[in-house]
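A look at the structure
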Amino acid sequence: MVNVIVSGAGGFLFWILAARKASTSAVAEASALITAMIGVLQITQQMLIANLPVMITASPRPARLLKQTYLLSTVLVLAGATIYIAVAPRLASGMEYLN
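To keep things clear, this report deals only with the structure shown in the data block. (Residues numbered from 1 in each chain as written. Predicted model: local features only at pLDDT ≥ 70, side-chain atom pairs only at ≥ 80, totals over all residues. Heavy atoms only, no water.)

Let's talk about the environment of Ser93
- Structurally, Ser93 can be placed in the segment after α4 (62-91).
- Classification of Ser93 as exposed rests on a relative accessible area of 59%.
- Separated by 62 residues in sequence, Ser93 and Ser31 have C-alpha atoms that sit 16 Å apart. (Helix = DSSP H or I, 4+ residues; strand = E, 2+ residues; numbered from the N terminus. Buried < 20%, exposed > 50% of the residue type's maximum accessible area, 1.4 Å probe, protein only.)

Here's what the structure looks like:
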């Protein structure tokens, strides 16, 4: 719980400082990129936070399952991010800065 509060407060302070120190377009691009990264992560993680604990407790070899799950998750995130970087500038005119 403390981690969530500290992380949220740190993020809030970061964006206040960014809005005061950086240009409006730089803050908008950074915000859009962070939102896009979160979206790619949510799509490629396939609800691991909800499902992984149940799968680990039911598995006869939890360490192996965990390694395989995180390896697959890493591959999916890298593939999803690569596809997003390649496709986003063609679909959204505001994302040309990814090139």
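After presenting the structure, the write-up continues.
Describing the packing of helix α2 (residues 24-45) against α4
- In the contact formed by α2 and α4, the axes pass within 9 Å of each other and the chain directions differ by 135°. The angle between α2 and α4 places the two elements in the oblique class. With respect to the hand of their crossing, α2 and α4 are arranged in right-handed fashion. Where α2 abuts α4, its residues Ala36, Val40, Leu41, Thr44 and Gln45 lie against Ser73, Leu76, Val77, Gly80, Ala81 and Tyr84.
- Classifying every residue of the contact of α2 with α4 gives seven nonpolar, four polar and no charged. (Axes fitted to C-alpha atoms, helices over the stretch in contact; angles between N-to-C directions. Parallel < 35°, antiparallel > 145°, perpendicular 65-115°, else oblique. Left-handed = near helix turned anticlockwise from the far one by under 90°. Contact = heavy atoms within 4.5 Å. Nonpolar A, V, L, I, M, F, W, Y, C, P; charged D, E, K, R; others polar.)

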